[in-house]
Amino acid sequence: MYFFSDEERKYLLRGLVPRARQAGVAEELRGWNWHQPPVEPVYDVRLGLWEVAGKYCPTGRDLYLRRVQGVRRPPNLAMVAGGLFHAVLVAVITRAKRLLYTEGVEGYRRALEHLRSPEELARIVAEHVAGLEPARAADLEAQAGALWQFETDRIAARVQEVLSRHPYLNEDALVFRAIPVVVEQKLDGTFLGLSPNLSADAFMASEPVVIDLKFGEPERFHRLTTAGYGMVMEAVYDYPVNVGCIVYARYRDGRWTVRKDLHLIDDELRQWFLEERDEKMRMVFEELDPAVADECPQTCPYFSECRPG
Ligand code: SF4
């Protein structure tokens, strides 16, 4: 899911990266300037990055209900499915790295065979689908199985391609070249007034790109997530993160398809992220009820709270 095709890499390196260098980013909007406005947080409230970047509720009342009123609701089906698919990808990628390190370059065939056996899959599925009706659980299980297969096939092809080009590399270099992605990177967001336990879906180690994976319909506000993680990385590591990528994965007619939205984390996006953060922090700090939205999806976990009867 995360690996770039040759065309995407070309667009990144010949298109976006030079554009980022040319346009630049205003110094005051870099995450490493967390100690001064506008990046410095105004309120003493810690938000999750998903709470800042999530705009599924048009007025943000979901945040108010959760953080001010303490209302807790179980996740909807889309959230359960997203959690399951994320967990499957993390398991495949970390397992592939572990197996390659354990078996070494000489044992790469054995590593790939072990990787294909989905022994962990049943456990991951069971953890996520508990409580769903059997038909829905079976549907998610089938999709998770296809995702496991999809990702193991991609990794196997990449390992074989790297080995065919570089017959003398060791296992560390093989892992870096074939699976150049860090999943679930833990980040301390406190510099920006965010949670100390943030977890970025993926960071491409070979190119400075922060990646977020979505399983639903594309939304403009999804780019707020990559902007937020990019700025947090700048605050933590003091290096620039100029490019984000939203990976949209979709299951249709029995197979997975992937589309990538590679984009600049430019001034406009950074400003939008900071405005959202400040507005939501204020809502929580001052306990302001933003009122029920004009249109609410029935799938919203807070629907019965906001629209009783
Ligand atoms: S029901 Fe409507 S107003 Fe309430 S949290 Fe959901 S989307 Fe927002």
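Going by the structure above, here's the rest.
Note that the structure is a prediction, hence the values are computed from the model and not measured.

A. Geometry of the site of the ligand. Near the ligand, the surroundings consist of Cys57, Arg61, Asp62, Val292, Ala293, Cys296, Cys300, Tyr302, Phe303 and Cys306. Mapped by element, the contributors of at least two residues to the shell around the ligand are helix 3 (61-67) and helix 11 (303-306). Looking at the shell around the ligand residue by residue, the classes come out as 8 nonpolar, no polar and 2 charged.

B. Summary view of the packing of aromatic side chains. Under the defined criterion, the tally for this structure stands at 8 aromatic pairs. With a centroid separation of 5.1 Å and 80 degrees between ring planes, the pair formed by Phe85 and Trp256 is classed as edge-to-face. With a gap of 171 residues between them, Phe85 in helix 4 (residues 77-103) and Trp256 in strand 5 (residues 255-264) connect regions that are remote in the sequence. For Trp256, a relative accessible area of 6% translates into the label buried. An aromatic cluster is built from Phe85, Phe215, Tyr251 and Trp256, whose rings are joined through pairwise contacts. Just above the ring of Phe3 sits the side chain of Arg158; from NZ or CZ to the centre is 4.3 Å. Cation over ring: Arg220 sits above Trp272, and NZ or CZ is 4.4 Å from the ring centre.

C. The arrangement of the layout of surface pockets in detail. Put simply, the second largest pocket is a space of about 490 Å³. If you trace the second largest pocket, you find 17 residues lining it, with Arg9, Arg158, Glu161, Val162 and Arg177 closest to the centre. Of all elements in the fold, only helix 1 (6-23), helix 7 (134-165) and helix 8 (171-178) reach the threshold of two or more residues within the lining of the second largest pocket. For the lining of the second largest pocket, the element with the highest residue contribution is helix 7, accounting for 6 residues. Of the residues assigned to the lining of the second largest pocket, the class counts are 6 nonpolar, 3 polar and 8 charged.

D. The arrangement of the sheet that holds strand 2 (residues 198-204) in detail. Read across the sheet, 5 strands follow the order 1-2-3-4-5 without closing on themselves; strand pairing throughout is mixed. This sheet does not close on itself; its edge strands, each paired only once, are strand 1 (181-187) and strand 5. If you compare each strand with its neighbour and ignore which way they point, the axes differ by 35 degrees on average. When strand 2 meets strand 3 (residues 209-214), the two strands line up antiparallel, connected through 3 bridges. Directly across from Ala202, in strand 3, lies its bridge partner Ile211. Helix 1 contacts strand 3, strand 4 (243-252) and strand 5 of the sheet and is inclined by roughly 20 degrees relative to strand 5.

E. Region of interest: the packing of helix 4 against helix 6 (residues 119-129). Viewed as axis vectors pointing N to C, helix 4 and helix 6 meet at an angle of 155 degrees, and their least axial separation amounts to 10 Å. Judged on the interaxial angle alone, helix 6 and helix 4 are roughly antiparallel. The handedness of the crossing between helix 4 and helix 6 comes out as right-handed. Contacts between helix 4 and helix 6 involve Val80, Gly83, Leu84, Ala87, Val88, Ala91, Arg95 and Arg98 from the former and Glu119, Glu120, Leu121, Ile124, Val125, His128 and Val129 from the latter. For the contact of helix 4 with helix 6, a count of residues per class yields 9 nonpolar, 2 polar and 4 charged.

F. Quick peek at the pairing of strand 2. Judged by how many residues are buried, strand 2 sits mostly within the fold: 7 of 7 residues are covered. Where strand 1 lies against strand 2, 6 bridges are found, and the strand directions are antiparallel. If you follow Lys186 over to strand 2, its bridge partner there is Ser199.

G. Just the pairing of strand 3, in detail. Burial analysis of strand 3 places 6 of its 6 residues in the buried class, which makes it a mostly covered element. Here strand 3 shows two buried faces, one formed by Val209, Ile211 and Leu213 and the other by Val210, Asp212 and Lys214. As paired elements, strand 3 and strand 4 share 6 bridges and run parallel to each other. Bridge assignment links Leu213 to a residue of strand 4, and that residue is Val247.

H. Structural view of the side chain of Asp62. Inspection of the secondary structure puts Asp62 in helix 3. Among buried charged residues, Asp62 stands out as having no salt bridge; its nearest opposite-charge side chain is Arg66, 4.6 Å away. Non-local contacts of Asp62, meaning those with residues more than four positions away in its chain, are made with Cys57 and Tyr302.

I. Structural view of the packing of helix 4 against helix 8. It is at 9 Å that the axes of helix 4 and helix 8 come closest, and there the two elements cross at 155 degrees. By the angle class used here, helix 4 and helix 8 are roughly antiparallel. The element helix 4 and its partner helix 8 pack so that their crossing is right-handed. Along its contact with helix 4, which presents Lys97, Leu100 and Tyr101, the element helix 8 presents Glu171, Asp172, Leu174 and Val175.

Calculation rules
- Residues numbered from 1 in each chain as written.
- Predicted model: local features only at pLDDT ≥ 70, side-chain atom pairs only at ≥ 80, totals over all residues.
- Heavy atoms only, no water.
- Near = heavy atom within 4 Å.
- Helix = DSSP H or I, 4+ residues; strand = E, 2+ residues; numbered from the N terminus.
- Nonpolar A, V, L, I, M, F, W, Y, C, P; charged D, E, K, R; others polar.
- Phe/Tyr/Trp six-rings, centres within 6.5 Å; stacked < 30°, edge-to-face > 60°.
- Buried < 20%, exposed > 50% of the residue type's maximum accessible area, 1.4 Å probe, protein only.
- Lys NZ or Arg CZ within 6 Å of the ring centre and 35° of its normal.
- 1 Å grid on protein atoms, 1.4 Å probe; cavity = no way out; pocket = protein on both sides within 12 Å on 5 of 7 lines; lining within 4 Å.
- Points joined across faces, edges and corners; volume = space filled by probe spheres on them.
- Pairing = 2+ DSSP bridges.
- Axes fitted to C-alpha atoms, helices over the stretch in contact; angles between N-to-C directions.
- Contact = heavy atoms within 4.5 Å.
- Parallel < 35°, antiparallel > 145°, perpendicular 65-115°, else oblique.
- Left-handed = near helix turned anticlockwise from the far one by under 90°.
- Lys, Arg positive; Asp, Glu negative; His and termini not counted.
- Salt bridge = Lys/Arg side-chain N within 4 Å of Asp/Glu carboxyl O.

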